[in-house]
Amino acid sequence: MAAKTHVRRWWLIGLLVAVLLVAAGGIALYGIRRGAALPDATEVVEEGGRLVRYSRGSTTLTIEFLDDDLVHVELATVSGTAGDTIPVSPMIAKTDFGGPGRLVRGDDGAFETNDLRLKVDPTSLCVTAADLTRDPPVDLSEICPFNLERDMRGISLAPQEFAHVYGLGQAFVEPGEPNGDWVGRQRFAGDFGNVMRWFNDGAAGNTQIPVLYFVGVGTETFALFLDDVHKQFFDFTGETWTASMQTDAIRYYVLTGPDLADLRRDYLELTGRPPVPPKKMFGLWVSEYGYESWAELGDKLSTLRAEGFPVDGFVLDLQWYGGVQEGSDDTRMGSLTWDQNAFPDPEAAIVGLQAEQGIGLIAIEQPYVGRNLPEHQDLESRGYLVRDCETCGPVYLTENPWWGKGGMIDWTNPEATAYWHDLKRQPLIEAGLIGHWTDLGEPEAYDSAGWYWGIPTADGQANRHPEVHNLYNFLWSQSIYDGYERNSVQQRPFILSRSGTSGTQRFGVALWSGDLSGLLTTLAAHLNAQMHVAMSGIDYYGSDVGGFWRQDVDMTETYTQWFADSAAIDVPLRPHTFNLGNPSETAPDRIGDPASNLANLRLRYRLVPYLYSLAHAAYRTGEAVFPPLVYSFPEDQEARPLGDEKMIGPSLLVALAAQDGMRERPVYLPAGDWYDFHTGDRLESRGAWIASVPIYTEGLLRLPLYARAGGIIPLMHVDEQTMNAVGLRRDGTVRDELIVRVYAGDVPSAFTLYEDDGWSTAYQQGEVRETVIRQEILPDAVVVTIEAAEGSYEGAMESRQNVIELFSGRADSVTSVALNGRPLERLASEAAFESADAGWIEAADGAVRVKTGELDVREGKEIRFTTTGPA
């Protein structure tokens, strides 16, 4: 209450001062028509005018109204925005906003759009925001500048009734704690922002993505995005929250919306939505530091295949180009040329792995180049390396020279990035590599006084390291994305990266959390980091399964839990460890409990059609793929802190394991009807904890997994013949039927299945097939509808078998099943069902399973399950 009184007091003072300043010419209004009626309530916008500016001494506050629910704000000292728009950083993808549908200035001096009210106190330059879509309107925050005369300046926020904060990228906070938002915590950066920080006997990524989501009473929410690439510090421990940064001009966006999902979509509209990864990236990728030869890689693959593990690829560490020489100018770091002694005839090997085994390869690269390499001399002669000063030679990096000593590629130089891509990466792409692993991109090593070609700003080029640091990996990723476009590569770019910032997702980046320790307390902290990474717009995030730095612990339990968690939520699913001399194992058939690993891996592959459709939705609309529970249930107080439970799309909830000795765990189910994915049992929840849910069943680790009533889950047929995510099978058979699990719900629901060629960018030109699947409960039936498919792509099938698995909690109530009004035969056994072309059975797991027979995909199918009473 005191905070609101304070806001009202400043509004009154601000109104009085505003009148005096306007009279004295102390406030300048730009882009707003100053009619004779001002300052009375008047419609003040015409022809896109949407900029207001306040000046106080050497400080200028500029507000740009971009949309009804989006405003852009700048606080600048000495001079501010001179044009008709506020400058933006490279993080921003969209700038062509049309302006709000309505913008008026009221009697109290506040500006209103259809959704927002902003009032400025011209004395303090505090901005008070309110959401007008709520009834009554909700005060969001009072955002005030502080320390504007200092190097580390910032803004403060009055929390109002907002009790939870999410986002801010990747940070590891507390070993062993998977839960908790930012309130009561501080968010630190490194010397310049992005950094690898020592954490719990390993090194964890700290990735600065400056978007915050505030959650208050019920669905009250808003977001703040700081369009600033400098080092930042956030403090949520006091009565007033603060964000500080090393910058001359503080620029931020205020976003409002009905819920977190809407805000996240709007943030991704601003910074760019993620492209769809290649379908193979949803499978298993096996990695270590590192494979010494094709023979070693082949040995790992042969035992995986022998034990029936599907696998989609391997990730090559720096041994592929010959390794490095610690402390030496003669290191191979930066050569990015195959070591043909250990990896002879790489083009033939890559083609053979793909054609015979369905295996893809990702290769690592770093931004450093050994001083004595010819590549260093070449880049130096062209001016493509970071320099000591504008007219100096290249920086010479010698601190922590585990990789050797040498120079650093200047990713801010477009000519350098294009030259390096075409020289080094393009031949690898043409040889068949399907992904790029950008390592050490914080950057790990740098000269803090280094001089770069520069980043365009409102005042020219930003050339110094503090201005470049947090964009370094972003621009590296962009160079790969742009290289694919420049060379007209049909294959989708996919980048596994250790760092980045806002907008990095639009280049096809999956983030991984660094060189973690192999401790379950670290895994727990990773689950908390994932909560905030997902809210920061990064859908594809993972870890070194089992830990990069292995500790003296029971790796059977640690790896088994870690692999199960990662099979549920990581993209890509990638075991990785430090393994020089081969003292350790990473492949899931050789470490942990192989039987549990196999069961969890096969479940992951079964879900690939669902996950792939979620990826298309993320690309099209910005929907989250693996969001925290608060994203889907923002009003639920119990759900808000949970990081060890995740949603997988809109319909699945998984409870994860990250604790020594765990054999069961409590599971929270938000209010509603749920189905146990493993047993088919239906549960009704009013928002309650289930005290003890086993995570081991018949000796196998099986994470608790629940489907929401109304959930529709397309699946892939997976068995011992399955080799990879794109359908390759050992015996040469084809299993391309459409399998759909339907969980009956009282509210009609729908899900869109997206299918394409799985590897090219043709989907971006419309070569994609959409199939809408619906479920509805009627008084005497459950009806599942598979609508006629729309669209096509190269290789698309024209007809297919359809398998529907209906879970209603009452399998015995189904008396008949009809396809498009034609009764289907009830079959006597599972064996009869497997061999039949069409028909239905009551299965042992409580489902009613139906086969339609092979039908044209362009024709709709209605499957009616008649029941004895209300379903």
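Throughout, a residue's number is its position along its own chain's written sequence, starting from 1. Residue-level local features of this predicted model are given only where pLDDT is at least 70; pairs of side-chain atoms are given and counted only at 80 or more, and the full residue set underlies all totals for whole chains, interfaces and linings. In computing side-chain values, all of the structure's heavy atoms are included and hydrogens and water are not.

### Focus: the overall build of the chain
To keep things clear, this is the line we draw: Helix and strand assignments come from DSSP, with helices taken as H or I runs of at least 4 residues and strands as E runs of at least 2, each series counted from the N terminus. Both definitions apply: the radius of gyration is a C-alpha atom measure, and the globule rule equals 2.2 Å times residues to the power 0.38. Summary of the burial criterion: residues with accessible area below 20% of their type's maximum are buried, those above 50% are exposed, and those between are partly exposed, where the area comes from a 1.4 Å probe applied to protein chains only. Using a 1.4 Å probe, the Shrake-Rupley method yields the accessible areas, and only the shown protein chains count as cover for residues.
For the chain, the helix and strand inventory stands at 14 helices and 53 strands. Relative to the 2.2 N^0.38 estimate, which gives 29 Å for 871 residues, the radius of gyration of the chain is 28 Å and therefore close to what a compact globule would have. For the C-alpha atoms alone, the extent of the chain along its principal axes is close to 90 × 75 × 50 Å. Relative to its full complement of 871 residues, the chain shows a buried share of 62%. For the chain, the computed accessible surface area is about 30,700 Å², with 48% contributed by carbon and sulfur atoms.

### Some remarks on helix α2 (residues 260-271)
Rules: Helix span, as expected, comes to 1.5 Å for every residue beyond the first. Contact criterion: two residues are considered in contact whenever any of their non-hydrogen atoms come within 4.5 Å of each other. Whenever two N or O atoms come within 3.5 Å, that pair is a polar contact, provided that in protein one can donate a hydrogen and the other can accept it, and provided that, for residues adjacent in sequence, both atoms are side-chain atoms.
Relative to the 16 Å expected for twelve residues at 1.5 Å per residue, α2 spans 16 Å between its end C-alpha atoms, a close match to the ideal helical length. Judged by how many residues are buried, α2 sits mostly within the fold: ten of twelve residues are covered. Taken together, the buried positions of α2 are L260, A261, D262, L263, R264, D266, Y267, L268, L270 and T271. Those residues of α2 hidden inside the fold are in contact with β5 (70-77), β16 (211-215), β17 (221-226), β20 (249-256), α9 (520-535) and α13 (629-632). With a side-chain oxygen lying 3.3 Å from the backbone nitrogen of A261, the N-terminal cap of α2 falls on D259.

### A closer look at the confidence of the model for the chain
Let me state the cut-off plainly: For every residue, the predictor assigns a confidence score, pLDDT, that lies between 0 and 100.
The predicted model of the chain averages 93 in pLDDT, with 93% of residues at 70 or higher. Mean pLDDT across the secondary structure elements of the chain bottoms out at strand β2 (residues 42-43), with 30, and peaks at strand β33 (residues 652-655), with 99. Confidence drops under a pLDDT of 50 for residues 1-48, and excluding neighbours within four residues, the segment shows 73 contacts in the predicted structure.

### Some remarks on the packing of aromatic side chains
Put simply, the rule reads: Ring geometry is summarised as follows: Phe, Tyr and Trp rings, the Trp one being its six-membered ring, pair when their centres sit within 6.5 Å, and such pairs are stacked at plane angles under 30 degrees, edge-to-face over 60 and tilted between the two. Remark: a charge is flagged as sitting over a ring if the NZ atom of Lys or the CZ atom of Arg is within 6 Å of the ring centre and within 35 degrees of the ring normal.
Scanning all chains against the criterion turns up 37 aromatic pairs. Counting every residue linked through ring pairs, the aromatic cluster contains F162, F214, F222, F234, F236 and W241. Note that K279 overlies the ring of Y612, its terminal NZ or CZ placed 5.3 Å from the centroid. When the ring centre of W512 is taken as origin, the NZ or CZ atom of R574, which lies over that ring, is 5.3 Å away.

### What to know about the pairing of strand β28 (residues 460-464)
Within a regular beta strand, the side chains point alternately toward one face of the sheet and then the other, so they alternate between its two faces. Our working rule: Two strands pair under a simple rule: DSSP has to find at least two bridges between them.
In this sheet, β28 lies alongside strand β27 (residues 451-457) in antiparallel orientation, the contact comprising four bridges. Bridging from a neighbouring strand, I455 pairs with A462 of β28. Once β27 ends, the chain turns through two residues before running back antiparallel as β28.

### Quick word on the pattern of salt bridges
Formally: Think of a salt bridge as a Lys or Arg side-chain nitrogen and an Asp or Glu carboxyl oxygen that are within 4 Å of each other.
Following the criterion strictly, the structure yields 42 salt bridges and no others. Between R858 and D856 there is a salt bridge, and its shortest N-O distance comes to 3.1 Å. Accessibility expressed as a relative area gives 23% for D856, which makes it partly exposed. Overlapping salt bridges bring together D439, E442, E444, R498 and D515 as one network.

### Considerations on the sheet that holds strand β53 (residues 861-867)
What counts, and what does not: Where helices are involved, their axes are fitted lines through C-alpha atoms of the stretch in contact, as for all axes, and angles between N-to-C directions lie from 0 to 180°.
Strands sit in the order β43-β44-β45-β53-β48-β49 across an open sheet of six strands; the sheet is antiparallel. Bordering the open sheet on either side are β43 (749-755) and β49 (822-823), each of which pairs with just one other strand. Relative to β53, strand β45 (residues 781-786) runs antiparallel, the two being bridged by six bridges. Each residue of the ladder has a partner; that of V784, found in β53, is I863. Relative to the sheet, helix α12 (residues 608-621) contacts β43 and β44 (769-778), its axis offset from that of β43 by approximately 90°.

### Quick notes on the sheet that holds strand β42 (residues 738-743)
One open sheet holds the five strands; their spatial order is β41-β42-β47-β51-β50, and the pairing between them is mixed. Only two strands of the sheet have a single neighbouring strand rather than two, namely β41 (712-715) and β50 (839-842). Between one strand axis and the next, the sheet turns through 15° on average, direction left out of account. Here β41 pairs with β42 via four bridges, running antiparallel. Looking at β42, one finds that I712 is bridged to V742.

### Some details on unusual backbone geometry
Trans peptide bonds make up most of the peptide bonds, and negative phi angles are found at most residues other than glycine. Between D135 and P136 the backbone carries a cis peptide bond, its omega angle lying at 0°. Tracing the chain through its elements places P136 in the loop between β9 (126-131) and β10 (138-146). That bond from V571 to P572 is cis: its omega, -5°, falls within 30 degrees of zero. Despite not being glycine, D345 has its phi angle at roughly 45°, a positive value. Along the chain, D345 turns up in the loop between β22 (313-316) and α4 (346-357). You will see that L440, though not glycine, has its phi angle at about 70°, which is positive. Residue placement: L440 occurs in the loop between β26 (435-438) and β27.

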